[in-house]
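# Structural overview for review
The primary structure of each chain is shown beneath.
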Protein chains: 2
Amino acid sequence: MRLAVLGAGAVGRSVAELAHEYGHEVTALADSTGAVVDPAGVDVERAFARKDEAGSVGSASVEDALAAEYDALVEATPTTLGDAQPGFGHVRAALEADRHVVLANKGPVAQRYDDLRALERESEGQVRFEATVGGAIPVLSTIEGRGAENVTAVRGVLNGTANFVLSRMAAEGLSYEHVLAEAQDLGVAEADPTFDVDGTDAALKCVILANVLKGGGHTLDDATVAGIRDLPTSALALAAEDGRTIRLVGEVDGGVRVGPRLVPEHGTLAVSGTRNIVQFETRRGGRLNLSGRGAGGPETASAVLADVNALDPQR
Amino acid sequence: MRLAVLGAGAVGRSVAELAHEYGHEVTALADSTGAVVDPAGVDVERAFARKDEAGSVGSASVEDALAAEYDALVEATPTTLGDAQPGFGHVRAALEADRHVVLANKGPVAQRYDDLRALERESEGQVRFEATVGGAIPVLSTIEGRGAENVTAVRGVLNGTANFVLSRMAAEGLSYEHVLAEAQDLGVAEADPTFDVDGTDAALKCVILANVLKGGGHTLDDATVAGIRDLPTSALALAAEDGRTIRLVGEVDGGVRVGPRLVPEHGTLAVSGTRNIVQFETRRGGRLNLSGRGAGGPETASAVLADVNALDPQR
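All of these numbers come straight from a predicted model, not from anything done at the bench.

Counting 202 residues, the largest nonpolar core has Leu29 of chain A together with Leu29 of chain B as the members making the most contacts within it. Excluding anything up to four places from it in sequence, Leu29 of chain A contacts Val5, Ala16, Ala35, Val36, Val42, Val44, Ala47 and Val57 of chain A.

Okay, structure coming up:
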């Protein structure tokens, strides 16, 4: 398939670099300041070399990229809250042109799910967004395969940065500030880690899960969210005395909640480091656990490209 | 869809009982001694009441069931080795009549995969067999979603009976014979547990995985298999001193191997009780773990019915 890739962060870059390996071709590629379009196939390596030297993949515009010839739009620009712009506008443009859309950007799926599905109903294109929840873990395709009506609840550890910080605080007895600085040095936490440590990122993923399970109707406003910023190291020490530890757990059942929770130290939810885990309660199949890499360029790109492969090529 | 269900053990029975809940209808149902056929829909409850009283679901034959009107055959008769008969014959009859086939019976998929795919190529019907590996865990659909070419190796704990025995031996310091008798009392182990404790059941599942990953070519003869029958309790005690335990692990990479392996006591592979776990190594997504209920009537039936829902209804 011909792909238009919007966003040249870790995920967009990996999608563009790996597309060929999965049997696809990039015909348009945009970053935040420019774009490159080539119906015969963008030279991805050269485009990123240009970006590294001159600051952008090319001199064309995002609008040029959206007007290019492609079968599926990969929306991998940064997640925004509120009305989820400009990501939502990109998705709208693609669906109105009867193209498929694969999202790594959580904004449109968490904040405007109903609008997204309404646009999809009017389009020949399909919308998929596996990469928005759990990185390389096939969370949404598992729900799709089993049927949303057979999944009664989901909980999980859905933010690798927060989990890294909690794992290190518990293992080393270090303070939140100390471990966060360490995580930033290691590249595990971003310079501005607000979305991760305040629980917003995990909450967006839970809102997406709620939308998929209930057929829409949820935004971040419906979630009860607490982060790990004010968690004292002493709380982790106290938990350890009782054979437990603390994880930032998201829960989707009647409502959507994210917050620090006590979990058994060697229990299923106590994944360590940047790993993620998702736990499904199913109607007939009992409890199902999926764990793996919840973030990272190639990992998340593997989910994007699995989505691309699942699209109807005959659109 | 209209289903012909062959086999009235725990899985076949659950499939027949739950079919309606998943939007399907049973038009034929067979056990080892008889069958019942009704184009308007078999009264499943009554059929099982007859079986409980008179020994069979009905006075028709398996041939009658195979000649009935149905869209998908659910093959849930007991797994046999060698040429995988009579299961393979049932599958052949259905595919030659251009019907879909969903298997819970491991025999045809492990022992005659190439024949099975050859029949499928000549048929309008599709073949699916999620329930043959890992019960309620979506093992094969995860491979399907990510692409077999992106899964480089699989290992896992794929037999709940053996895992229950090992878990109890380790936790209580009891002998193999003692724990096995206990498992039989609890209904966790069958009267003849040979397939489970000798590793045959886990090996069949690994052979199926190898066939899916490599596109065929494997049977049980290609697997190196050791069981847990001769494992002394002292081996588990020795492992525990080193922070480890023993699990019956199946591995699929270059070859297919099943045997007792040392694993970290609190590690991912050390699931307890009857739970199963499957660990994938993927090309771009890193390591992925799936755990859940690997056996049980309703659990395995949920995988069968997910397969039925994934079939093309327009066949």
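Having seen the structure, we can now continue with the description.
Moving on: unusual backbone geometry. Excluding glycine, a negative phi dihedral is what most residues carry, and trans is how most peptide bonds are arranged. Residues and elements named next belong to chain A. The residue after Gln85, namely Pro86, is reached through a cis peptide bond having omega 5°. For Pro86, the location among the structural elements is in the loop between strand E4 (72-75) and helix H4 (87-96). Positioned with a positive phi, Ala84 is a non-glycine residue whose angle comes to about 60°. Note that Ala84 resides in the loop between E4 and H4. We classify Ala84 as buried; it has 23 C-beta atoms within 10 Å.

This paragraph deals with the environment of Ile137 of chain A. Of note, Ile137 of chain A is situated in the loop between strand E6 (127-128) and helix H7 (139-146). Taking the C-beta count within 10 Å as the criterion, Ile137 of chain A has 29 such neighbours and is therefore assigned buried. For the pair formed by Ile137 of chain A and Asn276 of chain A, sequence separation is 139 residues and the distance between their alpha carbons is 8.3 Å. Excluding residues within four positions of it along the chain, Ile137 of chain A makes contact with Asn276, Val278, Leu290, Ser291, Gly292 and Gly294 of chain A together with Leu288 of chain B.

Size of an interface, as often reported, equals the accessible area lost when the parts are brought together. Residue and element names in this part refer to chain A. Each assigned domain of chain A is listed here: domain 1 (2-135 + 297-310) and domain 2 (140-293). Its C-alpha centre places domain 1 at a distance of 27 Å from the equivalent point of domain 2. Counting residues at the interface gives 16 residues for domain 1, matched by 17 residues for domain 2. Put simply, the parts of the chain that give the side of domain 1 that touches domain 2 at least two residues each are helix H5 (107-111) and helix H6 (113-121). Per-class residue counts for the side of domain 1 that touches domain 2 are six nonpolar, five polar and five charged.

This paragraph deals with the sheet that holds E6 of chain A. All names here are of chain A. An order of E3-E2-E1-E4-E5-E6 is seen for the six strands of this open sheet, with the pairing classed as mixed. Either end of the sheet is taken by a strand with one partner, and the two such strands are strand E3 (35-37) and E6. One ladder, built from four bridges, connects E4 with strand E5 (residues 100-103); its direction is parallel. For Glu75, the partnering residue across the bridge sits in E5 and is Leu103. This element, helix H1 (residues 10-18), spans strand E1 (2-6), strand E2 (25-30) and E4 of the sheet and lies at about 160° to E1.

The subject of this paragraph is the interface of chain A and chain B. Listed by partner, the interface residues are 29 residues for chain A and 29 residues for chain B. Sorting the residues of the side of chain A that touches chain B by element identifies H7, strand E12 (286-293) and helix H13 (297-310) of chain A as the ones contributing at least two each. Residue contributions to the side of chain A that touches chain B peak at eight residues, all from E12 of chain A. Direction of pairing for E12 of chain A relative to strand E12 (residues 286-293) of chain B: antiparallel, over a ladder of three bridges. Bridging from a neighbouring strand, Asn289 of chain A pairs with Ser291 of chain B of E12 of chain B.

What follows concerns the confidence of the model for chain A. In this model, chain A carries an average pLDDT of 97, and 100% of its residues clear a pLDDT of 70 or more. Our summary of model confidence lists the complex with pTM equal to 0.95 and ipTM equal to 0.93.

A few words now on helix H4 (residues 87-96) of chain B. All names here are of chain B. When H4 is considered as a whole, its buried residues turn out to be Gly87, Phe88, His90, Val91, Ala94 and Leu95. For H4, the angular spread of the buried residues around the axis is 160°, confining them to a single face. Of the residues flanking the end of H4, it is Asp98, one or two places downstream, whose phi is positive at about 60°.

Residue and element names in this part refer to chain B. In terms of residue burial, strand E2 (residues 25-30) counts as a mostly covered element, since five of its six residues are buried. With five bridges joining them, strand E1 (residues 2-6) and E2 adopt parallel strand pairing. In the strand pairing of E2, Leu6 is matched with Ala30. After leaving E1, the chain enters helix H1 (residues 10-18) and then returns to the sheet as E2, a path that is right-handed. Inspection of the sheet shows E2 paired to strand E3 (residues 35-37) by three bridges, in the antiparallel sense. Paired with Leu29 across the strands is Val36, a residue of E3. The hairpin formed by E2 and E3 contains four residues between the paired strands.

This next bit is on the pairing of strand E10 (residues 256-264) of chain B. Residues and elements named next belong to chain B. When strand E8 (residues 223-225) meets E10, the two strands line up parallel, connected through three bridges. Among the inter-strand pairings, Val225 is bridged to a residue of E10, identified as Val258. Here strand E9 (residues 244-252) runs beside E10; their pairing, made up of nine bridges, is antiparallel. Pairing of Arg247 across the sheet is with Arg261, part of E10. Remark: three residues form the turn of the hairpin made by E9 and E10, two consecutive strands paired antiparallel.

Residue and element names in this part refer to chain B. As summarised here, the arrangement of the six strands in space is E3-E2-E1-E4-E5-E6, forming an open sheet in which the pairing is mixed. The open sheet terminates on both sides in strands that have one partner only, identified here as E3 and strand E6 (127-128). Helix-sheet contacts for H1 involve E1, E2 and strand E4 (72-75), and the interaxial angle to E1 is about 160°.

So, about the packing of H1 of chain A against H13 of chain A. Residue and element names in this part refer to chain A. At a closest axis distance of 8 Å, the pairing of H1 and H13 adopts a crossing angle of 60°. Every pair of crossing elements has a handedness; the one defined by H1 and H13 is right-handed. Residues Ala10, Val11, Arg13, Ser14, Val15 and Leu18 of H1 touch H13, and the partners they reach there are Gly297, Pro298, Thr300, Ala301, Val304 and Leu305. Of the residues in the contact of H1 with H13, the class split is eight nonpolar, three polar and one charged.

Moving on, we come to the relation of the copies chain A and chain B. Least-squares fitting of chain A to chain B yields an RMSD of 0.0 Å, with the superposition described by an axial translation of 0.0 Å and a rotation of 180°. Considering both components of the superposition, the chain copies are consistent with a two-fold axis. No C-alpha of chain A lies nearer the rotation axis than that of Leu290 of chain A, which sits 2.3 Å from it. Most of the interface of chain A is mirrored in chain B: 100% of its interface residues are interface residues there too.

Cut-off values and rules
- Residues numbered from 1 in each chain as written.
- Chains lettered and ligands numbered in written order.
- Predicted model: local features only at pLDDT ≥ 70, side-chain atom pairs only at ≥ 80, totals over all residues.
- Core = buried A, V, L, I, M, F, W, Y, C linked by C-beta atoms within 7 Å.
- Buried ≥ 20, exposed ≤ 12 C-beta atoms within 10 Å, placed from the backbone.
- Contact = placed C-beta atoms within 7 Å.
- Helix = DSSP H or I, 4+ residues; strand = E, 2+ residues; numbered from the N terminus.
- Domains from an automatic or database assignment.
- Nonpolar A, V, L, I, M, F, W, Y, C, P; charged D, E, K, R; others polar.
- Pairing = 2+ DSSP bridges.
- Axes fitted to C-alpha atoms, helices over the stretch in contact; angles between N-to-C directions.
- pLDDT = per-residue confidence, 0-100.
- Arc of directions from axis to C-beta.
- Right-handed = clockwise from strand over helix to strand, strands pointing away.
- Left-handed = near helix turned anticlockwise from the far one by under 90°.
- Least-squares fit on C-alpha atoms with pLDDT ≥ 70 in both.

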